[in-house]
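Survey of secondary and tertiary structure
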Amino acid sequence: MSITVRAAAKINLHLGVGRAREDGFHPLDTVYQAIGIHDDLTLTAAEGLSLDTLVADHIDPAGVPSGADNIVLRAARLLAQHAGRPAAGAFEVRKDIPVAGGMAGGSADAAAALVACDRLWDLETPDDVLLALAAELGSDIPFSLVGGTARGVGRGEVVTPVDDRGSWWWVAVPSPEGLSTPMVYRHFDTLRPDATEVPASAEPLLAALATGEPLQLARALHNDLQEPAIDLRPELGDLIVRGESEGALRGLVSGSGPTVVFLCDSADGARATAVGLAGAGHDVVLTATGPVAGAHVLA
Ligand SMILES: C[C@@](CO)(OP(=O)(O)O)[C@H](O)COP(=O)(O)OP(=O)(O)OC[C@H]1O[C@@H](n2ccc(N)nc2=O)[C@H](O)[C@@H]1O
Ligand SMILES: Nc1ncnc2c1ncn2[C@@H]1O[C@H](COP(=O)(O)OP(=O)(O)O)[C@@H](O)[C@H]1O
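No experiment lies behind these values; they were computed from the predicted model shown.

1. A closer look at the packing of helix α1 (residues 71-83) against helix α2 (residues 105-120)
Taken N-terminus to C-terminus, the directions of α1 and α2 make an angle of 35 degrees; their axes are 8 Å apart at the nearest point. Taken as a pair, α1 and α2 cross one another with a handedness that is right-handed. Note on element contacts: α2 touches α1 through Gly 106, Asp 109, Ala 110, Ala 113, Leu 114, Cys 117 and Asp 118, opposite Ile 71, Val 72, Ala 75, Ala 76 and Leu 79. In terms of residue class, the contact of α1 with α2 is made up of 9 nonpolar, 1 polar and 2 charged.

Below you can see the structure in the form of C-alpha cells.
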C-alpha cells in the first residue's frame with residue numbers, strides 16, 4: 001500500500017521582520033503564497049524507515065541530506081512518537097523546489113510527510129495537532145500544510161488564510177548555490193540594529209491582494225530580508241534589475257533567498273520575462289502561478 005502527497009513551494013509577498021526575540025527567533029508579519037512548483041512524496045508501507053530522494057536537473061543532490069537529518073524522517077519520527085507507534089515506511093521524494101532557496105522546500109517535504117504518515121498509519125490526527133507538530137519542526141511548516149495565501153505571525157508559525165482575489169503569474173530564478181536562512185537573519189541583525197520590536201505590518205499588502213490587480217500587488221511587495229540577502233549576494237540585485245527590464249512588474253528576493261521571484265501581468269508577460277532571463281544566461285528559469293493548495297494527497 002502506498003500514498004503520494006504533493007506539497008508546494010512558498011514565496012513571501014510581504015516579509016516584515018522585527019528585532020530578534022530572547023529565544024533567537026525574529027517576530028514576523030508575513031504573507032505567504034504557495035505557488036505551482038512542487039515536491040511529490042510517496043510513502044509505501046514497509047517495516048523499517050527509509051528514504052530515497054530523486055531531484056530535478058536543476059538541483060544539486062549533495063544539498064539534500066540523505067539520512068536522519070532529512071526533515072522527512074524527522075517529521076515521521078515526531079508524528080510516530082506523538083501517536084505512540086513505530087515510525088515505519090519507505091519514502092520516495094521527488095524534488096523540484098530549489099534547495100536552500102528561500103522557497104521552503106524542506107518545509108514542503110515535512111508537511112507532505114506528516115500528511116502521508118497520518119493517512120498511511122490511519123491516525124486521523126486532528127488539524128490543530130498536526131499544525132502544532134509542524135510548528136515544532138520549523139516556522140514555515142504550518143503554512144506548507146495550509147497553502148493558498150495566508151498571513152503568518154509569531155515566528156511565522158501562526159497562520160491564517162487571507163482573501164486573495166487574484167491568480168498571479170510568477171517567474172522564479174534559483175541560484176546554483178543556496179543561502180543559509182540563519183545566516184541571512186544574522187546579517188539582518190547586523191544591518192538593522194535599530195529594528196523595532198514590532199515588524200512592518202502586512203496590511204498594505206493584504207489590501208493590494210484583495211484588489212486582484214497585478215500592478216497594485218507589484219507596488220506592495222516587501223521583504224525585509226532582501227537587503228541582507230543582496231548584501232551577501234550582490235548579483236541578486238543585478239538579477240532583479242534585469243528581470244524588471246525584461247517586462248516583469250517587480251522582482252523580489254524570495255524569503256531569505258537566494259531565489260528571486262518576478263511578478264508578471266499575465267501568462268504572456270511571464271513567458272516573455274522567462275525567455276529574456278534565459279537569454280541573459282540564467283540556466284534555470286521556472287514559471288508558476290499562485291495560489292495553489294497546501295500539502296494534499298494525489299488521487
Ligand atoms: C525566512 C523564511 C521566511 O518565510 O523562509 P525561508 O527563506 O527560509 O524559506 C522563514 O522565516 C524561515 O522559516 P524556517 O526555515 O521554517 O525556519 P526554522 O527552521 O524555524 O528556523 C531556522 C533558523 O532561522 C532563524 N529564524 C527563523 C524564523 C524566524 N521567525 N526567525 C528566525 O530568526 C533562526 O536562526 C532559526 O534557527
Ligand atoms: N527534504 C529536504 N529538502 C531540502 N532540504 C532539506 C531537506 N531536509 C533537510 N534539509 C536541509 O534544510 C536546509 C534548508 O532547505 P530548504 O527548506 O530547501 O530551504 P529554505 O529554508 O531556504 O527554504 C537545506 O540546506 C538542507 O540542509
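Next comes the rest of the account.
2. Focus on the environment of Glu 92
Considering the arrangement of structural elements, one finds Glu 92 in strand β4 (residues 89-95). Each C-alpha atom of the pair Glu 92 and Ser 50 lies 8.5 Å from the other, and the pair is 42 residues apart in sequence. Not counting residues within four places of it along the chain, the set of residues in contact with Glu 92 comprises Thr 42, Asp 52 and Leu 54.

3. Side note on unusual backbone geometry
Look at the link from Gly 257 to Pro 258: it is a cis peptide, with omega at 5 degrees. The linkage connecting Gly 290 with the following residue, Pro 291, adopts the cis geometry, with an omega of 5 degrees. Looking at the secondary structure, you find Pro 291 in the loop between β11 (286-290) and β12 (296-297). Of note in the backbone geometry, Ala 100 takes a positive phi value of approximately 50 degrees without being a glycine.

4. Quick word on α1
Look at α1: 18 Å from first C-alpha to last across 13 residues, which is about the 18 Å you get at 1.5 Å a residue. Among the residues of α1, Ile 71, Val 72, Leu 73, Ala 75, Ala 76, Leu 78 and Leu 79 are the ones counted as buried. Gly 84 sits one or two residues past α1 and shows a positive phi near 65 degrees.

5. What to know about the UniProt feature "binding site: ATP" (unreviewed entry) in the protein
Sequence positions flagged by UniProt for "binding site: ATP" (unreviewed entry) are, in local numbering, Pro 98, Val 99, Ala 100, Gly 101, Gly 102, Met 103, Ala 104, Gly 105, Gly 106, Ser 107 and Ala 108. For Ala 100, the position within the fold is in the loop between β4 and α2. For Ala 100, the contacting residues outside a window of four places in its chain are Gly 63, Gly 178, Leu 179 and Ser 180. Looking at where Ser 107 falls in the secondary structure, it is placed in helix α2. Dropping the residues within four chain positions of it, Ser 107 is found in contact with Gly 138, Asp 140, Ile 141 and Ser 144.

The rules behind these values
Residues numbered from 1 in each chain as written. Chains lettered and ligands numbered in written order. Predicted model: local features only at pLDDT ≥ 70, side-chain atom pairs only at ≥ 80, totals over all residues. Axes fitted to C-alpha atoms, helices over the stretch in contact; angles between N-to-C directions. Helix = DSSP H or I, 4+ residues; strand = E, 2+ residues; numbered from the N terminus. Left-handed = near helix turned anticlockwise from the far one by under 90°. Contact = placed C-beta atoms within 7 Å. Nonpolar A, V, L, I, M, F, W, Y, C, P; charged D, E, K, R; others polar. Expected span 1.5 Å × (residues − 1). Buried ≥ 20, exposed ≤ 12 C-beta atoms within 10 Å, placed from the backbone. UniProt positions renumbered as here; feature names shortened; annotations may be inferred.

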